[in-house]
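Fold and contact review
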Amino acid sequence: AYVQQLESSRMKLTQLEQELQRARQQGIFISSSGEQSQSMSGNGALAFDVEYGRWLEEHNRRVNELKGAVSNHAGDGELRIIVDGVVAHYEDIFRIKSDAAKADVFHVLSGMWKTPAERCFLWLGGFRSSELLKLLITQLEPLTEQQLLAIGNLQQSSQQAEDALSQGMEALQQSLAETIAGSLGSSNSSGNVANYMGQMAMAMGKLGTLEGFIRQADNLRQQTFQQMHRILTTRQSARALIAIHDYSSRLRALSSLWLARPRE
Amino acid sequence: MNTKDLASKSAAVIFTKSTCCMCHSIKALFYDLGASPAIHEVDHDADMERALRRLGCNPAFPAVFVGGKYVGSAKDIISLHVDGTLKQKLIEARAIWF
């Protein structure tokens with residue numbers, strides 16, 4: 001009877017974990033009050049999910065403040081302060097992600113901390129700057145000739161850097177595959193055990209370089225974001241931040257609709 | 001030929017390690033820009049690696065030199081490419097034309 005009780009409690013816990021995951025994916029922030037659960041994803045992943053949720057809440061608050069200022073026809077000075085605040089707050093998420101990548105690179109890479117629809121667009125643990133700029137060009141008209149040129153160049157540069165990082169990742173995958181394949185032995189000799197251990201050690205080294213790729217991908221996102229704000233006026237920056245926010249919100253809403261869809 | 005000489009011999013020079021996939025990314029970027037960099041694989045040259053570190057290359061790989069001057073590693077190259085500085089340097093060093 002005791003074993004049965006244990007079994008049913010375990011099933012209940014799994015069910016709760018699944019519901020929690022689903023709710024989180026729907027964009028509902030759920031705070032974990034300091035309890036470190038022994039979930040498969042580990043404490044690093046959980047801690048990041050919580051921090052990201054908090055960051056998102058604060059980000060939403062700031063963008064709503066920005067929207068209010070814009071609709072109330074705030075002056076450039078006041079707008080500048082709010083815009084700078086949002087941009088500075090963006091820096092926080094890059095720092096948080098950097099810590100998270102050190103703790104659990106595969107969690108960041110997986111994108112499980114984002115909602116499903118956002119995950120469609122996942123590239124090296126985040127969004128593609130080049131895609132973001134494509135969106136903004138349509139949302140930010142009118143732009144001066146100079147600005148159009150600058151944004152166009154920025155889009156091209158970020159695309160080139162993205163392609164370069166993608167190629168490095170492919171090389172890493174290839175190299176890892178070759179190493180693991182190289183560890184496969186056809187007989188049970190002591191030589192093969194040594195080979196196995198050597199190859200596994202090499203593979204571990206390669207996995208370790210993944211964090212560097214996430215770091216450079218985030219570096220690219222951060223630099224592109226900052227450069228964009230240098231090109232735009234205060235008012236344009238405000239519109240850009242609002243457009244990015246609304247676009248992401250739509251994706252999150254889409255995720256909720258998707259998760260709640262009726263199934264036969 | 002010592003490291004400094006190698007770094008000045010071509011308009012764009014990248015010191016790499018064959019096992020470094022980030023080096024692969026930076027090489028790809030330079031090729032994409034049409035820069036045709038001179039690539040030096042330093043897998044088995046401890047002296048050259050030490051020389052690079054002494055020149056201030058940190059991390060040591062990839063070590064990118066444009067016009068004979070050390071520009072930086074992966075992080076620097078990406079940052080400089082985003083704000084247009086990398087292209088500027090490559091044009092000045094005549095590694096690319098536009």
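All of these numbers come straight from a predicted model, not from anything done at the bench. (Residues numbered from 1 in each chain as written. Chains lettered and ligands numbered in written order. Predicted model: local features only at pLDDT ≥ 70, side-chain atom pairs only at ≥ 80, totals over all residues. Heavy atoms only, no water.)

Focus on the overall build of chain A
From N to C terminus, chain A includes ten helices and zero strands. Put simply, chain A has 264 residues, and 41% of those count as buried. Here the analysis covers contacts within chain A between residues at least 6 apart in sequence; of these, 75% occur between residues at least 24 apart. (Helix = DSSP H or I, 4+ residues; strand = E, 2+ residues; numbered from the N terminus. Buried < 20%, exposed > 50% of the residue type's maximum accessible area, 1.4 Å probe, protein only. Contact = heavy atoms within 4.5 Å.)

Focus on the packing of helix 9 (residues 210-231) of chain A against helix 4 (residues 74-82) of chain B
Two numbers describe how helix 9 of chain A lies on helix 4 of chain B: the axes approach to 9 Å, and their chain directions differ by 25°. Our classification of the angle between helix 9 of chain A and helix 4 of chain B gives roughly parallel. In this structure, helix 9 of chain A meets helix 4 of chain B at a crossing whose hand is right-handed. Of the residues in helix 4 of chain B, those touching helix 9 of chain A at Q216(A), N219(A), L220(A), Q223(A), T224(A) and Q227(A) are A74(B), K75(B), I78(B), S79(B) and V82(B). Of the residues assigned to the contact of helix 9 of chain A with helix 4 of chain B, the class counts are four nonpolar, six polar and one charged. (Axes fitted to C-alpha atoms, helices over the stretch in contact; angles between N-to-C directions. Parallel < 35°, antiparallel > 145°, perpendicular 65-115°, else oblique. Left-handed = near helix turned anticlockwise from the far one by under 90°. Nonpolar A, V, L, I, M, F, W, Y, C, P; charged D, E, K, R; others polar.)

Brief notes about the pattern of salt bridges
Oppositely charged side chains are able to pair whenever their charged atoms sit close together. As enumerated under the stated definition, the model contains 14 salt bridges over all chains in all. One salt bridge in this structure joins E211(A) and R215(A), with 3.7 Å as the shortest N-O distance. Here E211(A) pairs with R215(A), and both are found in helix 9, just four residues apart, close to one helical turn. Between R50(B) and D47(B) there is a salt bridge; the shortest N-O distance is 3.3 Å. Of the two residues, R50(B) and D47(B) both sit in helix 3 (residues 46-54), three residues apart, roughly one turn of that helix. (Salt bridge = Lys/Arg side-chain N within 4 Å of Asp/Glu carboxyl O.)

Overview of the interface of chain A and chain B
At the junction of the two partners, chain A supplies 20 residues and chain B supplies 16 residues. For the pairing of chain A and chain B, the buried interface totals around 1600 Å² over both sides, and the portion due to carbon and sulfur atoms is 65%. One can count zero salt bridges joining chain A with chain B. Counting every contact that joins chain A to chain B gives four residue pairs in polar contact (both at pLDDT 80 or more). Where the side of chain A that touches chain B is concerned, the elements lending two or more residues are helix 7 (145-182) and helix 9 of chain A. Residue classes in the side of chain A that touches chain B are distributed as eight nonpolar, eleven polar and one charged. (Buried area = accessible area lost by both parts, 1.4 Å probe. Polar contact = N/O pair within 3.5 Å; in protein donor to acceptor, adjacent residues only side chain to side chain.)

Describing the sheet that holds strand 2 (residues 38-41) of chain B
Adjacent strands of a sheet form backbone hydrogen bonds with each other and so pair up, either parallel or antiparallel. Residues and elements named next belong to chain B. Judged by pairing direction, the sheet is mixed, and its four strands sit side by side in the order 2-1-3-4 without closing on themselves. Bordering the open sheet on either side are strand 2 and strand 4 (69-72), each of which pairs with just one other strand. Looking at each pair of strands side by side, their axes are set apart by 25° on average, direction ignored. Two elements, strand 3 (residues 63-66) and strand 4, share three bridges in a ladder whose sense is antiparallel. Residue pairing across strands places V64 opposite G72, the latter belonging to strand 4. Each of strand 1 (12-16), strand 2 and strand 3 touches helix 2 (residues 21-32); the most contacted strand, strand 1, lies at about 165° to it. (Pairing = 2+ DSSP bridges.)

Brief notes about a nonpolar patch on the surface
All names here are of chain A. Side chains of I180, V193, Y196, M197 and M200 sit close together on the surface and give an oily, nonpolar patch of about 470 Å² of accessible area. For the nonpolar patch, the leading source of residues is helix 8 (residues 190-208), giving four residues. Within the element layout of this structure, M197 appears in helix 8. (Patch = residues over 30% accessible without salt bridge, like charges linked within 9 Å, V, L, I, M, F, W, Y side chains within 5 Å. Areas by Shrake-Rupley, 256 points an atom, 1.4 Å probe, with all protein chains shown as cover.)

Notes on the pairing of strand 2 of chain B
Residue and element names in this part refer to chain B. Here strand 1 runs beside strand 2; their pairing, made up of four bridges, is parallel. Within strand 2, the position partnered with I14 by the bridge is I39. As a crossover connection, the stretch from strand 1 through helix 2 into strand 2 is right-handed. (Right-handed = clockwise from strand over helix to strand, strands pointing away.)

So, the confidence of the model for chain A
Residue and element names in this part refer to chain A. In this model, chain A carries a mean pLDDT of 88, and residues with pLDDT of at least 70 account for 87%. Across chain A, the secondary-structure element scoring lowest on mean pLDDT is helix 1 (residues 2-25), at 69, and the one scoring highest is helix 9, at 97. Taken together, the stretch residues 29-41 has pLDDT below 50 and engages in 14 contacts with residues farther than four places along the chain or on a different chain. (pLDDT = per-residue confidence, 0-100.)

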